[in-house]
2 protein chains.
Amino acid sequence: MKRKKVESEDAFIKELAKRFASPIEGRQTSKGRGARGAQGGRAASGVPAVAPAWRRVIKGIGDDTSVTLLSPGSVLLTTTDTLVESTHFERSYTPARLLGRKALSVSLSDIASMGGTPLFFLVSITFPGDIDRRYIDGIYDGLKSSSDEFGVPLIGGNTARAPIVTISTTVLGEVKKGREVLRSGARPGDAIFVTGTPGDSALGLTVLQNHGLKSLKGRWKKAVLRHLDPVPRLSAGQALSRQRLATSMIDVSDGVALDLKRLIDASGAGAQVHLRGFPISRELQRYCESTGSSWAPLALSGGEDYELLFTARPKDEKKVAALSRTIGLKITRIGRVTETGLNIVGADGRPVRLKRLGFEHF
Amino acid sequence: MKRKKVESEDAFIKELAKRFASPIEGRQTSKGRGARGAQGGRAASGVPAVAPAWRRVIKGIGDDTSVTLLSPGSVLLTTTDTLVESTHFERSYTPARLLGRKALSVSLSDIASMGGTPLFFLVSITFPGDIDRRYIDGIYDGLKSSSDEFGVPLIGGNTARAPIVTISTTVLGEVKKGREVLRSGARPGDAIFVTGTPGDSALGLTVLQNHGLKSLKGRWKKAVLRHLDPVPRLSAGQALSRQRLATSMIDVSDGVALDLKRLIDASGAGAQVHLRGFPISRELQRYCESTGSSWAPLALSGGEDYELLFTARPKDEKKVAALSRTIGLKITRIGRVTETGLNIVGADGRPVRLKRLGFEHF
């Protein structure tokens, strides 16, 4: 047990509190809040305006707990994720700032897959005592950047010494009661959709593992960024919930095949996926051509795509297509819900067997 | 980056979900809940009844996020804490079950110090791949035991491999809007109180470090248990908030002196503490007599007491004493809030200088 003066631990928390200070602190109390506080969105000046969630923060980081408000008629969504060095990432090929961004994004993705709006987050960080302080600063910068981008204030945090870097984030969000999209709502006959182009993140990881950080500037840099800085599909998730289009939804953290299995298991159903027309990126296609390998394992079992995988009634397929155009995000039908089993049909019409469904971080 | 089949990670989550399964699962949906679900408290049969918080869980662990409800008119309290092996504990002298209990209790203590009621918790656990599985089972057992005791359902969790054991808990709670007790409300003239007998936990740690687990059965076993299995002072915190007695409050995690400093700093005030009449346990007194040492460093700077330190108006002192009798918990006046500075007055009336205010885990 190493015990030293607490002042330095307080210093870390104070620095977090300073970096994530409320832009409207002191202008509100528990009583008489509400109309006060700045508007959300982006101000005309181009300077980011105050995120609406700040108006819900009565007391942010710095007391024993945070004190926050939810909207009437909403339910609370909560999720927690941990990124662990040498299990989820290697410092050698993970820029600190992007690591900070990703630590928040992976939890935001869970909120997206419920159709929810993220409100606040808490973070616990561990790192070795002799770490280059710039790496920690970079993580803080990344967290802040993502926090600002998605309007999600930090409301709690702590740091502790450990032999490795770990970042544990908990995100709180909300959704109108009854509009939460669970994994369990898929019914036989429903169409299965996925956003974006799964497999890019796995391609990016492969390139990073082989070539290190210089691949951020190389031929596959788009895929590398998909791995290091995934985008939580919040607008898509929220629209699918608001328009009551998704009957079930999950985010793709461990590969389309495995996460689809989780979804159909929760729904007590099966699924058939067709590789013909499956949405893969031009980059993944080129990479697989250049290496003479098949894209299916990366696209189906690659993991860390943080795309949304959801089901919808067949009659709503046109509405899904319209939504895809509106939000400017590719959404592709990849199969249908069946009674039982998970079947993958190759481009040649023959069944495909995957060596493994997905990847884990254990 | 180690990537293996995800099935085993899912297995861990499934086991968590099974252990923490809702006793009323399937009996409620997002619509039409409320009156249904079991009552809180303890059933006449002696079997623990369903905790009231379960009635707020629309979807617990097992989906992308949990889905829960707050009471109307309440604000949300959120706190996160991490216990890290060889920083906060050593496996050699920390029984797994008590480690699990403590991981939850330290966050519950933060809710107590806001005057709140804990509702739910999330947990992230890391451990080495080759750990004795019984240690992990023990941690789960401890978490479950504390979760049941305080009626706080688990609503999210994850596990990951790491070279060391870490347990990160996030607890959500609530308190009636405007009744949250912050650190910042102390005013000059207020009396300063502390619950229990600070210093016991530090004594317990000292004994554990010197004699290991056999000290759980030795002469100082009470103090050892105070360290390994601290009791969050939820009833006291809630009563102080409900009766509007506490003007400010903090839980003692890093020693009375340091946490008092944090409280007066947040309040923009000072404090004077008197060692005459300071509440120390008979055990701590005996230990210090037997070793010829002073009890003040352990009682003031020991840390991990998880007692409540709060201020109240002098006119409310009798009400505080009455509350102490009602809930059966020692509450002692130890000083008063001043304009500035932190002064400690010894039993002989002379000023005391501490070598350090408190301890940290960094």
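Look a little higher up for the structure.
Residues numbered from 1 in each chain as written. Chains lettered and ligands numbered in written order. Predicted model: local features only at pLDDT ≥ 70, side-chain atom pairs only at ≥ 80, totals over all residues. Heavy atoms only, no water.

A look at the packing of aromatic side chains
Residue and element names in this part refer to chain A.
In step 1: Counted according to the given criterion, the structure contains six aromatic pairs over all chains.
In step 2: With 5.3 Å between their ring centres and 85° between their planes, W220 and Y287 make a pair best called edge-to-face. Taken as a pair, W220 in the loop between α4 (200-211) and α5 (221-228) and Y287 in helix α8 (residues 282-291) lie far apart in primary sequence, 67 residues in all. For the pair W220 and Y287, one class covers both residues: buried.
In step 3: The aromatic ring of Y135 is capped on one face by R91, whose charged end is 5.9 Å from the ring centroid. (Phe/Tyr/Trp six-rings, centres within 6.5 Å; stacked < 30°, edge-to-face > 60°. Helix = DSSP H or I, 4+ residues; strand = E, 2+ residues; numbered from the N terminus. Buried < 20%, exposed > 50% of the residue type's maximum accessible area, 1.4 Å probe, protein only. Lys NZ or Arg CZ within 6 Å of the ring centre and 35° of its normal.)

Overview of the packing of helix α4 (residues 200-211) of chain B against helix α5 (residues 221-228) of chain B
All names here are of chain B.
In step 1: Where α4 contacts α5, the two axes come as close as 7 Å, and the packing angle between them is 105°. With respect to their mutual orientation, α4 and α5 come out roughly perpendicular. Residues D200, S201, L203, G204, L205, V207 and L208 of α4 pack against A223, V224, R226, H227 and L228 of α5.
In step 2: Counted by class, the contact of α4 with α5 contains seven nonpolar, three polar and two charged residues. (Axes fitted to C-alpha atoms, helices over the stretch in contact; angles between N-to-C directions. Parallel < 35°, antiparallel > 145°, perpendicular 65-115°, else oblique. Contact = heavy atoms within 4.5 Å. Nonpolar A, V, L, I, M, F, W, Y, C, P; charged D, E, K, R; others polar.)

Some thoughts on unusual backbone geometry
In step 1: With a phi close to 70°, S86(A) is a non-glycine residue in the positive phi region.
In step 2: Relative to the assigned elements, S86(A) resides in the loop between β3 (74-84) and α2 (96-112).
In step 3: Backbone geometry at E304(B) places phi at a positive 60°, although glycine is not the residue there.
In step 4: Structurally, E304(B) can be placed in the loop between α9 (296-301) and β10 (308-312).
In step 5: Overall, E304(B) belongs to the buried group, its relative accessible area being 2%.

Regarding helix α7 (residues 256-267) of chain A
Residues and elements named next belong to chain A.
In step 1: Relative to the 16 Å expected for 12 residues at 1.5 Å per residue, α7 spans 16 Å between its end C-alpha atoms, a close match to the ideal helical length.
In step 2: Among the 12 residues of α7, nine are classified as buried, and the element is accordingly described as predominantly covered.
In step 3: What α7 keeps buried is the set V256, A257, L258, D259, L260, R262, L263, I264 and S267.
In step 4: A positive phi of about 65° marks G268, the residue just after α7. (Expected span 1.5 Å × (residues − 1).)

Here's the deal with the pairing of strand β12 (residues 342-345) of chain A
Residues and elements named next belong to chain A.
In step 1: In this structure, strand β9 (residues 270-274) lies alongside β12, joined through four bridges in parallel fashion. What sits directly across from A271, in β12, is L342.
In step 2: Of the pairings in the sheet, the one linking β12 to strand β13 (residues 351-352) comprises two bridges and is antiparallel in character. The residue of β13 that forms the bridge with V345 is P351.
In step 3: Counting the residues between successive antiparallel strands, the hairpin from β12 to β13 contains five residues, one of them, G349, with a positive phi of roughly 85°. (Pairing = 2+ DSSP bridges.)

Some remarks on the sheet that holds strand β1 (residues 57-59) of chain B
In step 1: With respect to topology, six strands assemble into an open sheet ordered β5(A)-β4(A)-β6(A)-β3(A)-β2(B)-β1(B), the strand pairing being mixed. Whereas interior strands pair on both sides, the edge strands pair on one side only; in this sheet they are β5 (154-161) of chain A together with β1 of chain B. Between one strand axis and the next, the sheet turns through 20° on average, direction left out of account.
In step 2: Across 11 bridges, β3(A) lies against strand β6 (residues 166-176) of chain A in antiparallel orientation. In the sheet register, T82(A) faces β6(A), and the bridge partner there is S168(A).

Section: a positive patch on the surface
Residue and element names in this part refer to chain A.
In step 1: Positive charge collects at one region of the surface, where R219, K221, K222, R282 and R286 lie side by side.
In step 2: At the level of secondary structure, the elements contributing two or more residues to the positive patch comprise α5 and α8.
In step 3: Residue placement: K222 occurs in helix α5.
In step 4: What makes K222 exposed here is its relative accessible area of 62%. (Patch = residues over 30% accessible without salt bridge, like charges linked within 9 Å, V, L, I, M, F, W, Y side chains within 5 Å. Areas by Shrake-Rupley, 256 points an atom, 1.4 Å probe, with all protein chains shown as cover. Salt bridge = Lys/Arg side-chain N within 4 Å of Asp/Glu carboxyl O. Lys, Arg positive; Asp, Glu negative; His and termini not counted. Charge placed at Lys NZ, Arg CZ, Asp CG, Glu CD.)

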